Amino acid sequence: MQDSVRTLQDLIGRLDGPLHFRFIFQPLMAALLAARDGRQDARAGRKPFRLITDPAQRRQVLLSSWKSVGKVFVIALILDFAYQLMVFHWFYLSQALLVALFLAIIPYFLLRGPVNWLTRAWVTDMRKER
């Protein structure tokens, strides 16, 4: 229980500690990559939310997603490593993975499907107007 409380306090402390700018820029980068990939999916005629709804394409979606967001994830790990060394003088891998997950992976997967859906809806509306 003490480890959980310490971990939560450590995670909250990151919000205003050194390198706090990453809490803005890394989710922003993940969002931009998700928007790009969602638009590409829509233009290629691929359905949104394929990760959940189409098990046959799950591997392809995961590989293409990792290709896009993997760099942001690795940068999040490196920056959290630097933060932990500055603040704790130690490295907690589980905390770094959790931070990288929340800064890169979750924003990406939360946005890729809706951007695809909105792009498809917008393209459909534009075709109806013609």
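Everything below is about the structure printed above this text.
Computed from a prediction, not measured in an experiment: that's the story for all the values here.

A short note on the packing of aromatic side chains
Step number 1: The tally for this structure, following the rule as stated, stands at 6 aromatic pairs.
Step number 2: Geometrically, the ring pair formed by Tyr83 and Phe88 is edge-to-face, given 5.9 Å between the ring centres and 90° between the ring planes.
Step number 3: You can call Tyr83 buried: its relative accessible area is 3%.
Step number 4: Feature note: the residues Tyr83, Phe88 and Tyr92 constitute an aromatic cluster, connected by ring pairs.
Step number 5: In this structure, Arg22 is placed above the aromatic ring of Tyr83, and the distance from its NZ or CZ to the ring centre is 5.2 Å.

Some details on the packing of helix 2 (residues 22–43) against helix 5 (residues 93–129)
Step number 1: In contact at an axis separation of 7 Å, helix 2 and helix 5 are set at 35° when each is read in the N-to-C sense. Crossing of helix 2 over helix 5 shows right-handed handedness.
Step number 2: The residue inventory of the contact of helix 2 with helix 5, partitioned by class, reads 15 nonpolar, 4 polar and 6 charged.

Details of the pattern of salt bridges
Step number 1: Applying the stated rule across the entire model yields 5 salt bridges.
Step number 2: Put simply, Arg14 and Asp80 hold a salt bridge, and the shortest N to O gap is 2.7 Å. You can see Arg14 sitting in the loop between helix 1 (2–13) and helix 2 and its partner Asp80 sitting in helix 4 (residues 58–87), a full 66 residues away along the chain.
Step number 3: For Arg14, a relative accessible area of 0% puts it in the buried group.
Step number 4: A salt bridge links Asp37 to Arg36, with the shortest nitrogen-to-oxygen separation between them at 3.2 Å.
Step number 5: The partly exposed category is assigned to Arg36, whose relative accessible area is 36%.
Step number 6: Ionic contacts of the salt-bridge type, sharing partners, join the residues Arg14, Arg22 and Asp80 into one network.

Reading the values: rules and limits
- Residues numbered from 1 in each chain as written.
- Predicted model: local features only at pLDDT ≥ 70, side-chain atom pairs only at ≥ 80, totals over all residues.
- Heavy atoms only, no water.
- Phe/Tyr/Trp six-rings, centres within 6.5 Å; stacked < 30°, edge-to-face > 60°.
- Buried < 20%, exposed > 50% of the residue type's maximum accessible area, 1.4 Å probe, protein only.
- Lys NZ or Arg CZ within 6 Å of the ring centre and 35° of its normal.
- Axes fitted to C-alpha atoms, helices over the stretch in contact; angles between N-to-C directions.
- Helix = DSSP H or I, 4+ residues; strand = E, 2+ residues; numbered from the N terminus.
- Left-handed = near helix turned anticlockwise from the far one by under 90°.
- Nonpolar A, V, L, I, M, F, W, Y, C, P; charged D, E, K, R; others polar.
- Salt bridge = Lys/Arg side-chain N within 4 Å of Asp/Glu carboxyl O.

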